[in-house]
Number of protein chains: 2
Amino acid sequence: MTAVRQTVRESLALYLVMGLGDFAGRQAVEIAREALEGGVTMLQLREKHAPLKQVIEQGAKIRELCRANGVPFIVNDRVDVALLLDADGVHVGQDDLPYGLARNLLGPDKIIGVSTGLWEEAVIAQRDGADYVGIGAVYATGTKSDAGAPIGTSLIAKTAEQLKLPIVGIGGIDAANAAQVVTAGADGVAVVSAITRHPQPKEAARELLKAIGKLK
Amino acid sequence: MTAVRQTVRESLALYLVMGLGDFAGRQAVEIAREALEGGVTMLQLREKHAPLKQVIEQGAKIRELCRANGVPFIVNDRVDVALLLDADGVHVGQDDLPYGLARNLLGPDKIIGVSTGLWEEAVIAQRDGADYVGIGAVYATGTKSDAGAPIGTSLIAKTAEQLKLPIVGIGGIDAANAAQVVTAGADGVAVVSAITRHPQPKEAARELLKAIGKLK
């Protein structure tokens, strides 16, 4: 296991999940750059609709920005895209490739995170060897149409108490509620619109880090 | 280049494209088995909605049936799934991974086909080195919601005359119109519902082969 997998827990502090569109006319790479300047500690590209040619082209630019900032770059769902972009890892939902198959393709050194909304899923993720779990949707979210009803912070608390997995909370998290998520036991918060739809992504990232006591 | 790539042209004769559901209660693997018994010469798994765990499980069974029948097994779009299933190749649409990137992941020996609806796309496919092009939608189809308006057989004819690419026609093809597609210049016909929604997939395959003069 390489350094990048060993330091996942710290990298989860402020995890930006972003697609390629819907930024009020701004480019995704611009949002990513400002968010990284603001202190984002991990970045996931989650784009399910754009042509893959565009995903690869834009993703390569964002990937380089992450590398320049020493921030892990993760691809959602598509292991083939992760391989082509030389991503640091993938994030898989319960309907994506199972952890073990993604690991077979990526090898032992990459980060693999798993979306978890149930205690049983968290137990399986730890058993399988996942590097972290994304637990949610913590709060109601308008970003992800299939995120399901919000589950609050109790699964985060139980997972933090009983399992050893690094945890990031996701779903409806912003500067106003981020502290609750970390207090419950999460190693960090994953956000989408709190940064991508903020007029100043850099400031948004700083506010979130401040809210969880990680602003340097 | 291995034998499997060299014989693509002959394998295109009757190309079954299938998902995993919507078979009036029958299992996909059962449809595949009967279709292969009927003489299908190539099979593509195109499933865009089912959980990938299910795609891998069902796909592995269909993959083995193809192997047992000496028929190339192709995966639509997802190169990662193709790698996990040890598929003989992938088929990419214009919004999927570009040919060259799919080739980088799959290596030189696998089959890569490209969907083509315009002359310019066919020219690019040949330039890039695609093993075949799927041209369509030839006729109106209810199977693929994003297939676009039917284009008839003229692009097949032009491609067959001016390019060296193996060609399979796709879109609304059945036993009644299959001969027209081959007469226009296609090396074969790709079908979905003409086999998968037929009460007797084996008979449907035989009828199609008969229609294009390939029934042995």
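Procedures and definitions
- Sequence order as written defines residue numbering, which begins from 1 separately in each chain.
- The lettering of chains begins at A and the numbering of ligands begins at 1, in the order of writing.
- pLDDT decides what is reported in this predicted model: residues at 70 or higher carry local features, side-chain atom pairs at 80 or more are listed and counted, and totals for whole chains, interfaces and linings draw on all residues regardless.
- Based on all heavy atoms of the structure, the side-chain values leave hydrogens and waters out of the count.
- UniProt positions are given in the numbering used here, feature names are shortened, and annotations may be inferred rather than shown by experiment.
- The helix count covers DSSP runs of H or I at least four residues long, the strand count covers runs of E at least two residues long, and both are numbered beginning at the N terminus.
- Exposure is judged per residue with a 1.4 Å probe applied to protein chains only, and the accessible area is read against the type maximum: over 50% gives exposed, under 20% gives buried, and values in between give partly exposed.
- Whether two residues are in contact is decided by their heavy atoms, any of which lying within 4.5 Å being enough.
- For crossovers, right-handed means that the path from the first strand over the helix to the second runs clockwise, given strands pointing away from the viewer.
- Take the accessible area each of two parts loses on contact, using a 1.4 Å probe, and add the two losses: that sum is the buried area.
- Nitrogen and oxygen atoms within 3.5 Å of one another constitute a polar contact, given that in protein one can donate a hydrogen and the other can accept it, and given that sequence-neighbouring residues count only through two side-chain atoms.
- Each residue is assigned to one class: nonpolar for Ala, Val, Leu, Ile, Met, Phe, Trp, Tyr, Cys and Pro, charged for Asp, Glu, Lys and Arg, and polar for all the others, Gly among them.
- The pairing test for Phe, Tyr and Trp rings, Trp by its six-membered ring, is centres within 6.5 Å, and the orientation test on the planes gives stacked under 30 degrees, edge-to-face over 60, and tilted for anything in between.
- Here, axes are lines fitted to C-alpha atoms. For helices the fit covers the stretch in contact, and angles between N-to-C directions go from 0 to 180 degrees.
- We call a crossing left-handed when the near helix sits turned anticlockwise from the far one by less than a right angle, and right-handed when that turn is clockwise.

Asks: Which parts of the structure should I look at to understand the UniProt feature "binding site: Mg(2+)" (unreviewed entry) in chain A?
Replies: Taking the numbering used here, the UniProt-annotated feature "binding site: Mg(2+)" (unreviewed entry) corresponds to D77 and D96 of chain A. On the basis of their most widely separated C-alpha atoms, the annotated residues across 20 residues gather in one place, lying no more than 5.8 Å apart. Here D77 of chain A is to be found in the loop between strand 3 (73-76) and helix 5 (79-84). Note on D77 of chain A: relative accessible area 11%, which makes it buried. Apart from residues lying up to four places away in sequence, D77 of chain A is in contact with K48, H91 and D96 of chain A together with L52, R78 and D80 of chain B. As for its placement among the helices and strands, D96 of chain A is situated in the loop between strand 4 (89-92) and helix 6 (99-106). Ignoring sequence-local partners within four residues, the contact set of D96 of chain A consists of N76, D77 and H91 of chain A together with L52 and K53 of chain B.

Asks: Got a minute to help me understand the pairing of strand 2 (residues 42-45) of chain A in this structure?
Replies: Successive residues of a regular strand alternate their side chains across the two faces of the sheet. Neither face of strand 2 of chain A is exposed, since M42 and Q44 of chain A on one face and L43 and L45 of chain A on the opposite face are all buried. Handedness of the crossover joining strand 2 of chain A and strand 3 of chain A through helix 4 (residues 52-69) of chain A: right-handed.

Asks: Sorry, what's going on with unusual backbone geometry here?
Replies: Most peptide bonds are trans, and most residues other than glycine sit at a negative phi. The linkage connecting G136 of chain A with the following residue, A137 of chain A, adopts the cis geometry, with an omega of 0°. Topologically, A137 of chain A is positioned in the loop between strand 6 (132-136) and helix 8 (154-162).

Asks: How do you make sense of the interface of chain B and chain A when you look at a structure like this?
Replies: When the parts of a complex come together, some accessible area is lost, and that lost area is often used as the size of the interface. Taken together, the contact between chain B and chain A spans 18 residues of the former and 18 residues of the latter. Summing both partners gives a buried area of about 1500 Å² for chain B against chain A, and 74% of it is carried by carbon and sulfur. Linking chain B to chain A there are seven residue pairs in polar contact (both at pLDDT 80 or more). Only helix 4 (52-69), helix 5 (79-84) and helix 6 (99-106) of chain B provide two or more residues apiece to the side of chain B that touches chain A. The element best represented in the side of chain B that touches chain A is helix 5 of chain B, accounting for five residues. Taken together, the residues that form the side of chain B that touches chain A break down as 11 nonpolar, one polar and six charged.

Asks: What is the right way to look at the packing of aromatic side chains in this model?
Replies: The relation between two aromatic rings is expressed through the spacing of the ring centres and the mutual angle of the planes. Residues and elements named next belong to chain A. Per the stated rule, a full pass over the model turns up two aromatic pairs over all chains. Ring geometry for Y15 against Y132: centres 5.8 Å apart, planes inclined by 75°, an arrangement best described as edge-to-face. A residue pair is termed long-range when its members are at least 10 positions apart, and Y15 in strand 1 (residues 14-18) and Y132 in strand 6 qualify at 117 residues. Given the relative accessible area of 1%, Y15 is considered buried.

Asks: What exactly am I supposed to notice about the packing of helix 3 (residues 28-37) of chain A against helix 11 (residues 201-211) of chain A here?
Replies: The axes of two packed helices give the description: the angle between them and the distance between them. Residues and elements named next belong to chain A. In contact at an axis separation of 7 Å, helix 3 and helix 11 are set at 40° when each is read in the N-to-C sense. The element helix 3 and its partner helix 11 pack so that their crossing is right-handed. On the side of helix 3, the interface is formed by I31, E34, A35 and E37, while helix 11 contributes P201, K202 and A205. Broken down by class, the residue content of the contact of helix 3 with helix 11 amounts to four nonpolar, no polar and three charged.

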